[in-house]
Amino acid sequence: MDDVEIIHHNRLGIAFRWKNTDLNIDPNRIQLVFKDMGFYLLREEIIQFSGNIKLAEKRSCSNCKNPENCRNILLRSPLQKMDFAVSSEELEQISELIEGTLFRLNLFQYLDDIYKN
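Bear in mind the structure is a predicted one, so any value in this text is a computation, not a measurement.

Computed from the structure, the largest pocket encloses a volume of approximately 230 Å³. Where the lining of the largest pocket is concerned, the elements lending two or more residues are helix H1 (43-58) and helix H2 (88-116). Top element by residues in the lining of the largest pocket is H2. It accounts for four residues. Its residues assigned to classes, the lining of the largest pocket shows five nonpolar, two polar and five charged.

Printed below as a string of structure tokens:
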């Protein structure tokens, strides 16, 4: 794990930034990995994903007999042509991963701003 700077993680996934920029890796992009998938997103795309999660939380099925395991929630990804079918538990974990990542990115930016002044 020396090649990455871990930003945030939980039991579903991880968000990190690649340290080695010699491989034409955009330092502004964050690697998000969850549910056996990896996404290479800009901060704005992560913010958009957060909004998509909030919309999906409002549309979750409340009368399901097994809501923890039922993958009845359609979650739009920040990628235009890709959506996920997730359970309420998975949606909660994805939300925590995204919100924790945004919190840490904001904290890093705040600290950078302080050190520059």
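This is not the end of the story, as more comes after the structure.
So, about the pattern of salt bridges. For the coordinates displayed, the defined rule picks out six salt bridges. Between Glu89 and Arg11 there is a salt bridge, and its shortest N-O distance comes to 2.6 Å. Taken as a pair, Glu89 in helix H2 and Arg11 in the loop between strand E1 (4-9) and strand E2 (13-18) lie far apart in primary sequence, 78 residues in all. Residue Glu89 is classed as partly exposed on the basis of its relative accessible area, which comes to 32%. The class for Arg11 is exposed, based on a relative accessible area of 66%. Between Arg71 and Glu90 there is a salt bridge, and its shortest N-O distance comes to 3.5 Å. Of this pair, Arg71 sits in the loop between H1 and strand E5 (73-76) while Glu90 is found in helix H2, placing the two residues 19 residues apart along the sequence. Under the relative-accessibility criterion, Arg71 is labelled partly exposed at 46%.

Glancing now at H2. Here H2 spans 42 Å end to end across 29 residues, near enough to the 42 Å set by a 1.5 Å rise per residue. If you follow the buried residues of H2, they end up packed against E1, E2, strand E3 (29-34), H1, E5 and strand E6 (83-86).

What counts, and at which threshold
Residues numbered from 1 in each chain as written. Predicted model: local features only at pLDDT ≥ 70, side-chain atom pairs only at ≥ 80, totals over all residues. Heavy atoms only, no water. 1 Å grid on protein atoms, 1.4 Å probe; cavity = no way out; pocket = protein on both sides within 12 Å on 5 of 7 lines; lining within 4 Å. Points joined across faces, edges and corners; volume = space filled by probe spheres on them. Helix = DSSP H or I, 4+ residues; strand = E, 2+ residues; numbered from the N terminus. Nonpolar A, V, L, I, M, F, W, Y, C, P; charged D, E, K, R; others polar. Salt bridge = Lys/Arg side-chain N within 4 Å of Asp/Glu carboxyl O. Buried < 20%, exposed > 50% of the residue type's maximum accessible area, 1.4 Å probe, protein only. Expected span 1.5 Å × (residues − 1). Contact = heavy atoms within 4.5 Å.

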